[in-house]
Structures are given as C-alpha cells and as structure tokens.
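# Observations on the model geometry
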Amino acid sequence: MNVCVAGAGTIGSLLAAHLGRVTDVSVLVRREEHARALNREGLRVSGRADFTARVTAATDPADLPEPDLVVVACKGSDLDAVAAGIEGEFRSATVMTIQNGLGAEDVVAARGPWPLLSSVTFMSGTRHSDTHVEYILDAATWIGPYRATTAADARTVADLLVGSGLKAEPYDDLRPAQWSKLIFNATVNGVAALTGLPHDHRFAEEPLGPLVHALMDEGKAAAAAAGVQLAEDPWEMNVFATQRGFRHSPSMLEDVRAQRPTEVELINGSLVRSARANGAPVPLQETVYALVRGREESYS
Amino acid sequence: MRVCIVGCGAVGSLFAANLAQLDDVEVWAYDASREHVEAINANGLQLSGAGEVLGRMTATTDAAELPQCDFGIVATKAMHTEAAIAATAHAFADGYVATVQNGLGNEETLARHVERVIRGTTFPAGKILAPGRVQWDVKGDTTLGPYDERTPLEEVERLADACTRGGMPTSAVADARGPQWRKVIFNASTNPIGALTGLTHGRVCERPDLRALVSRLVDEGKAVASAQGIELDADPEALIDHAAKPEVAYDHKASMLQDVEARRQTEIDYLNGGIVRFGKEHGVQTPLNQAIWALVRGLEASAAEPPTPGR
C-alpha cells in the first residue's frame with residue numbers, strides 16, 4: 001500500500017516514520033526546505049522507538065507517487081488549506097482525517113469526492129526538528145468509516161498502523177470515541193490554554209478539578225443530546241492522564257504561548273454548536289470557548 | 001480627631017494626604033514599606049496629578065507605636081486585611097474602623113478584631129510613584145455606612161464629613177452595601193476577563209460572546225445581591241458600557257492582568273470568590289463566577305512557576 005501523509009507536525013511525523021518502515025510513504029509538506037531535509041536525511045524517531053525511516057517528500061502533490069491512502073495529519077487550523085492543496089489530486093485514494101475535535105471530515109469532504117475514514121489519536125510526542133520527532137505517549141489511534149468506506153477499510157488501516165509499531169483499533173462507528181476525546185480536549189486544552197497550566201494533577205484537584213468535572217458533565221450531556229453513547233468517560237480519561245507522571249502541555253496551551261491560531265473552532269466550537277443545535281445548555285463550555293477566542297483576538 | 005490609615009498604598013495615601021489638610025484631624029499612617037514610611041516622615045506625603053497635595057503626618061511600620069485613634073481607614077489589598085487589622089486592632093479599642101478596600105468580606109474580617117466597623121466603597125484611584133510620592137489618577141466618590149448596629153450613623157457622618165472637608169467627597173448612608181456590590185459586580189465581571197484573555201476592557205466589550213459572558217456574570221452577582229435584600233445604587237451594566245468608551249477606559253488593561261504578569265496574588269478570592277461564597281450562604285447558584293474564580297486561581301498558579309518544556 002502506498003501511503004501519503006499530508007502535514008508533518010508531531011502526529012504526521014510519527015505516522016510517516018513508522019509507516020515508512022513497512023510500506024512506501026510519501027510526505028506532503030508546506031516548506032521546500034522541509035521536503036529537502038526529509039528526502040536527504042529521512043525521518044528519525046526517538047523516545048518510545050529508535051529508528052530512521054526513508055520517506056519521499058514534496059510540497060506539490062503532483063510530485064508524489066499516487067497513494068492508496070492519504071492521512072491528512074495537519075493541525076485543525078491548517079486543515080482547509082491542506083485539503084485545498086490536494087483538491088483534484090490523488091483520485092484513487094482513500095483519505096483519513098486525524099484532527100482533534102469534530103468536523104474535520106466535512107472540511108475535507110468539501111474539497112473532493114474521496115472515500116473518507118475518520119480517526120482520533122491519543123499518541124503524542126515532541127517535534128525536535130523537521131527530521132526528528134520524539135515518540136512520548138504510545139497510546140492508540142482509533143479508526144472508523146465515514147464516507148463510502150466500511151469497517152473492513154478501517155481494519156485494513158488499523159492493521160497497517162499496528163504492523164508499523166503503532167497502536168490502533170478499528171471501530172464500526174467512531175463517534176463514541178470521537179466524542180469522548182472531544183469532551184476531553186475541549187475541557188483540558190481550554191483550561192490549560194486559559195490558565196497556562198500543563199495538564200497535571202491540578203486538573204483533578206481543588207480548585208480546578210471541580211470546574212474540569214463540571215465542563216465534562218456539560219460535554220456528556222451534549223453527547224447524549226447528539227445521540228452519542230461515549231466510548232470512555234472523559235473524567236476518567238482526565239484522572240488517568242494526570243496520573244501518568246509527566247506534565248503534558250496540550251497543543252492549545254502551546255499555541256497560545258506562541259500566539260498561534262488554536263484548534264478552538266474544531267474542538268470547543270464544535271462541541272458548543274452541536275449542543276446548541278440539540279438544545280443542551282453548556283454555559284461553562286461556552287465560557288471557555290469565548291475566553292479562548294478572546295485570547296486569540298489579543299494576539300493582534 | 002485622630003485617624004490612622006492602615007495600608008498607605010495609592011488609595012490609602014489619597015485619604016491620608018487629604019485628611020492631613022485639616023487642622024482638626026491628626027493623621028497617622030501604618031504601612032509595611034520602610035522606605036515609604038521614612039519618606040513620609042521626612043518630607044510628607046506628596047500627591048500629584050488630579051490634585052496637588054502635600055500632607056504632613058506620622059508614619060510607622062510598627063503598630064505598637066500607634067496611639068489610640070478615633071477612626072481607622074483600612075486600605076490594604078484584600079488579602080492583607082487579616083494581618084493588618086490583627087496588628088493594629090489595639091489602636092481602635094474605643095474607635096471605629098472603616099474599610100475602603102475592594103471586594104467582599106473585608107468588613108467581616110475587621111469585625112473579628114475590632115468592635116465597631118464601617119463598610120465603605122471608594123472610586124478614586126492612583127499609583128505609588130516613589131516612596132512618599134503618589135500619582136492621583138482619578139477623583140471619585142466614597143460611600144460609608146455602618147457595618148452593624150454597634151456603629152451609629154452619626155459616627156460615620158463625622159468621618160465622612162472630615163473626608164469631604166479634606167478633599168475626598170464622601171457620603172454617609174445607612175446601608176452602604178449598594179455601592180459596594182455595584183463595584184464588586186463590575187470588577188468581578190470585567191477584571192478577570194481581561195486577565196484571562198489579555199484584552200483591554202474596550203476590546204472585551206466589542207466581542208459579542210465576551211460581552212454576553214460579562215452580562216451573565218453580572219446577572220449572577222445581581223441575584224446574590226438581591227437575595228440579601230441589597231439594592232444596587234446603579235446598574236453595573238451601565239458602568240461597564242460607560243467604561244468601554246474610547247474617552248473613558250477602552251484601553252484600560254485590567255489590574256488583575258497586571259497582577260498576574262507581575263506574579264502578584266490577585267483579589268479574585270474577594271471578587272468572584274466573594275460572590276460565590278455569599279451566593280452559597282444565601283442559596284444562589286453562581287456557576288460562572290465559580291468557573292472564573294477557578295480559572296484565575298489556575299492562572300495565578302502557573303504565573304508563580306517557571307514555564308515547563310513543551311510536551
């Protein structure tokens with residue numbers, strides 16, 4: 001199987017490098033120097049694994065081999081631009097999204113008729129350079145069908161990921177997992193971005209713990225109103241994550257520290273819009289959403 | 001009469017220097033800053049800006065030096081009330097102690113240490129320029145009222161009259177909770193939003209989502225005030241819209257944001273935290289004030305520690 005990873009941030013780099021060990025992998029990036037460095041040096045993984053994979057990289061999809069699978073692995077805030085970049089290309093490929101939040105599939109669907117898989121990932125790492133990523137949290141990626149795909153397609157991709165050394169599981173319906181992570185991210189990323197605190201034990205203790213709990217309760221009610229039965233309890237995910245022993249800085253916190261656009265729309269915005277559409281009151285989630293958007297506004 | 005200012009920061013200094021203009025008032029100033037106290041004793045307390053005033057008084061960092069006073073005016077930050085009144089209570093054994101501090105709960109703290117307490121709210125503002133020198137930024141009114149039946153209104157009127165004659169317009173009212181809650185609700189609904197977003201007051205008010213959040217915070221505060229039978233002397237919403245005008249405070253950076261950036265503790269426990277506490281006592285739900293309180297507590301915690309490496 002020929003795989004193209006579009007976007008080589010932390011998650012894209014981890015995927016491309018691992019898959020590069022078991023199949024032909026190309027990488028679509030935005031910067032020429034990034035493509036040249038990848039073609040020259042390959043992609044190194046440290047941390048949970050230690051290897052360097054050969055990849056083919058380019059900034060123009062026309063310069064890459066025709067893939068069977070495209071994983072759009074950029075951040076949510078870059079998604080539409082990346083999807084627009086492959087519009088009209090890769091006509092025989094299936095495209096898989098992996099962004100946080102909800103609605104990434106629809107952003108890609110609007111740019112082309114590809115069959116679509118959706119996925120959420122819990123793995124994390126740190127990108128040290130264009131050609132070096134550290135694999136820190138070896139958690140699973142969950143994959144499900146979205147448009148013109150089946151559970152069997154999800155299983156094929158999950159098997160490929162597992163064969164490459166990553167953790168992955170196929171689902172018939174990804175929404176229960178997607179919503180569990182959505183509620184987790186909307187709450188933890190939002191609170192981290194606003195307080196400046198990394199995700200640590202304080203998110204499960206006074207004075208922040210009760211707020212985190214109340215935000216997640218609102219999220220659970222919004223999921224129920226959307227007809228989704230959650231795969232995991234977000235509060236238990238929170239408690240578990242804060243007991244891992246290292247202080248993870250969620251991407252939204254990193255973004256506001258660097259004054260970059262955040263994924264607030266796909267994450268908090270999606271949750272609030274779904275809740276409103278289904279008549280579930282989420283005043284605390286609306287508060288976090290408005291405050292993070294205000295924080296972005298303060299960059300200028 | 002003899003008046004001791006407890007906490008001679010910017011607001012305390014405005015009262016101290018103005019009261020010192022009166023022949024019938026002897027002013028003492030108690031403050032923790034040795035440099036400030038020494039400068040005041042050597043050269044007097046100098047106000048500039050909205051008014052040019054030089055006040056002569058006796059200042060000290062040692063509460064044991066304070067004589068018996070008729071009145072105290074406590075003007076520390078709210079988190080220092082307890083320590084300040086514990087140290088100075090002996091000077092007010094027969095006197096009355098007024099608070100002109102921000103927030104909720106200062107009266108209760110004072111009443112644990114002294115018999116007779118005066119509730120107060122003040123709007124003038126300034127900043128310390130150097131030891132003994134204070135910039136008077138904004139003039140404004142002060143309202144004082146008895147905290148409970150142990151303080152007769154006539155005594156409040158004596159203090160208010162002295163402040164007014166000295167140059168700080170002050171009124172004495174039977175129930176001073178209205179202006180106090182109006183100011184608390186205004187501060188609690190705007191100041192933390194500036195601190196959490198980094199936006200000035202005017203830019204907060206321009207964003208419909210944030211302005212709506214401000215109103216929801218105001219509504220919770222009003223409900224808590226109303227449950228106690230407090231009638232606000234004016235609508236905090238009017239004050240919020242007024243302050244958002246370009247010529248008023250559009251560009252004002254919330255003092256709470258300045259506190260966080262300077263790694264100082266904020267007054268969040270006495271603003272939103274106070275609204276939450278009084279809400280609980282009177283059976284009023286305040287989920288948004290509670291959320292804002294928790295977020296600012298988190299912000300204080302992260303400001304107090306070095307940044308963590310990105311992971």
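Residues numbered from 1 in each chain as written. Chains lettered and ligands numbered in written order. Predicted model: local features only at pLDDT ≥ 70, side-chain atom pairs only at ≥ 80, totals over all residues. Heavy atoms only, no water.

Attention now goes to the packing of helix α7 (residues 208–225) of chain A against helix α11 (residues 283–297) of chain A. All names here are of chain A. The interhelical angle for the contact between α7 and α11, taken along N-to-C directions, is 110°, at an axis separation of 8 Å. Relative to α11, the element α7 lies roughly perpendicular. Residues L211, A214, L215 and E218 of α7 touch α11, and the partners they reach there are P283, L284, Q285 and V288. Among the residues making up the contact of α7 with α11, the classes are represented as six nonpolar, one polar and one charged. (Axes fitted to C-alpha atoms, helices over the stretch in contact; angles between N-to-C directions. Helix = DSSP H or I, 4+ residues; strand = E, 2+ residues; numbered from the N terminus. Parallel < 35°, antiparallel > 145°, perpendicular 65-115°, else oblique. Contact = heavy atoms within 4.5 Å. Nonpolar A, V, L, I, M, F, W, Y, C, P; charged D, E, K, R; others polar.)

With that out of the way, let us pick up the sheet that holds strand β4 (residues 51–53) of chain A. All names here are of chain A. Taken together, four strands build an open sheet; the order of strands is β4-β3-β10-β9 and the sheet is mixed. The open sheet terminates on both sides in strands that have one partner only, identified here as β4 and β9 (124–129). Strand after strand, the sheet turns through a mean of 25° between neighbouring axes, direction not considered. Alignment of β9 against strand β10 (residues 132–137), held across five bridges, turns out to be antiparallel. When the sheet's bridge partners are listed, G125 is paired in β10 with Y135. Contacts from helix α1 (residues 10–19) reach β3 (43–47), β4, β9 and β10, with the element oriented near 90° to β9. (Pairing = 2+ DSSP bridges.)

Take the packing of helix α11 (residues 272–281) of chain B against helix α12 (residues 287–303) of chain B next. Two measures define how a pair of helices packs: the angle their axes make with one another and the distance between the axes. All names here are of chain B. Closest axis-to-axis distance for the α11/α12 pair is 8 Å, and the angle between their directions is 140°. In terms of orientation, α11 and α12 fall into the oblique class. Two packed elements cross with a definite hand, and for α11 against α12 that hand is left-handed. Contacts between α11 and α12 involve N272, G273, I275, V276 and K280 from the former and N289, Q290, I292 and W293 from the latter. (Left-handed = near helix turned anticlockwise from the far one by under 90°.)

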